[in-house]
Amino acid sequence: MDTYSLAASLAVDYPVLNIFWTMLELFLWILWFFLLFKIITDIFRSHDLSGWGKAGWLILVIILPLIGILAYLIARGQGMGKRDVEQAQQADAAVRAYIRDAAAGTPAEGGSGGRSHVEDLARLADLKERGAISDEEYQKAKDKLLA
């Protein structure tokens, strides 16, 4: 059997609708694992759950995954979003505090008392806030300034 007839027979055996369903199943499978990992992370990050509560949710999510994930999203879905926002705010506050501390303790060349570094770091933070530079560009520029 030559290559052309093999490809033609595969195309007949696997029509376009089957390709669509396969891609949909793959997408749903990836979405499922994303939700599972997101929920397990949120269970362990949640400070308002006791140890037994965390164990119960974890068992429910692992033993009965469909029911467990849907129940968790219904019961604690709003809290997930709030915890995500709080974590992002804490990380942002930590970066800002680090920049302030690093800028205050780093004198600039020529004995100007650190003025230029403070201004440059403030300008970088402002650019990052406005979205003019990415986090990666911000980190590289900050490392370059503080080196």
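Located above this text is the structure these notes cover.
Residues numbered from 1 in each chain as written. Predicted model: local features only at pLDDT ≥ 70, side-chain atom pairs only at ≥ 80, totals over all residues. Heavy atoms only, no water.

Right, let's get into the pattern of salt bridges. Taken as a whole and judged by the stated rule, the model has 11 salt bridges. A salt bridge links lysine 38 to aspartate 84; the nearest nitrogen and oxygen atoms lie 3.0 Å apart. In this pair, lysine 38 is assigned in helix α2 (residues 16-45) and aspartate 84 in helix α4 (residues 65-105), connecting sequence segments 46 residues apart. Taking relative accessible area as the criterion, lysine 38 reaches 29% and is therefore assigned partly exposed. Judged by its relative accessible area of 25%, aspartate 84 falls in the partly exposed class. Among the ionic pairs, aspartate 42 bridges to arginine 45, the shortest N-O distance being 3.2 Å. (Salt bridge = Lys/Arg side-chain N within 4 Å of Asp/Glu carboxyl O. Helix = DSSP H or I, 4+ residues; strand = E, 2+ residues; numbered from the N terminus. Buried < 20%, exposed > 50% of the residue type's maximum accessible area, 1.4 Å probe, protein only.)

An ideal rise of 1.5 Å per residue puts 44 Å on 30 residues; α2 measures up with 43 Å between its terminal C-alpha atoms. Every buried residue of α2 is accounted for by Leu36, Ile39, Ile40, Asp42, Ile43 and Arg45. (Expected span 1.5 Å × (residues − 1).)

Residues Leu36, Ile39, Ile40, Ile43, Leu49, Trp57, Val61, Ile69, Tyr72 and Met80 constitute the largest nonpolar core, which totals 10 residues. Of all the elements in the fold, those that place two or more residues in this core are α2, α3 (51-63) and α4. Per element, the largest residue contribution to this core is 4 residues, and it comes from α2. In this view, leucine 36 contacts Val61 and Ile69; residues no more than four positions away in its chain are not counted. Listed in part, the 7 residues of the second largest apolar core include Ala103, Ile133, Tyr138 and Leu145. (Core = buried A, V, L, I, M, F, W, Y, C linked by side-chain atoms within 4.5 Å. Contact = heavy atoms within 4.5 Å.)

Here we take up the packing of α2 against α3. Two elements in contact, α2 and α3, have axes whose closest approach is 9 Å; the angle formed by their N-to-C orientations is 170°. Relative to α3, the element α2 is oriented roughly antiparallel. Contact residues: Leu36, Ile39, Ile40, Ile43 and Phe44 in α2; Lys54, Trp57, Leu58 and Val61 in α3. Taken together, the residues that form the contact of α2 with α3 break down as 8 nonpolar, no polar and 1 charged. (Axes fitted to C-alpha atoms, helices over the stretch in contact; angles between N-to-C directions. Parallel < 35°, antiparallel > 145°, perpendicular 65-115°, else oblique. Nonpolar A, V, L, I, M, F, W, Y, C, P; charged D, E, K, R; others polar.)

Looking now at the packing of aromatic side chains. This model, assessed by the stated rule, comprises 4 aromatic pairs. Between tryptophan 29 and phenylalanine 33 the ring centres are 5.0 Å apart and the planes differ by 80°, which places this aromatic pair in the edge-to-face class. Of the two residues, tryptophan 29 and phenylalanine 33 are both situated in helix α2; the distance of 4 residues between them amounts to about one turn of the helix. Of the residues examined, phenylalanine 33 reaches a relative accessible area of 30% and is grouped as partly exposed. Lysine 128 extends its terminal NZ or CZ atom over the ring of tyrosine 138, reaching a point 4.8 Å from the ring centre. (Phe/Tyr/Trp six-rings, centres within 6.5 Å; stacked < 30°, edge-to-face > 60°. Lys NZ or Arg CZ within 6 Å of the ring centre and 35° of its normal.)

Left-over empty space is what a probe sized like a water molecule reveals as it rolls over the atoms. Of the volumes computed, that of the largest pocket is approximately 150 Å³. What lines the largest pocket is simply Arg45, His47, Asp48, Arg83, Glu86, Gln87 and Gln90. Of the residues that constitute the lining of the largest pocket, the class distribution is no nonpolar, 3 polar and 4 charged. (1 Å grid on protein atoms, 1.4 Å probe; cavity = no way out; pocket = protein on both sides within 12 Å on 5 of 7 lines; lining within 4 Å. Points joined across faces, edges and corners; volume = space filled by probe spheres on them.)

Mapped onto the elements, arginine 83 comes out in helix α4. Engagement of the side chain of arginine 83 in a polar contact is seen with the side chain of aspartate 42, the distance being 2.7 Å. If we skip the residues at most four places from it in the chain, arginine 83 touches Asp42, Arg45, Ser46, Asp48, Tyr72 and Arg76. (Polar contact = N/O pair within 3.5 Å; in protein donor to acceptor, adjacent residues only side chain to side chain.)

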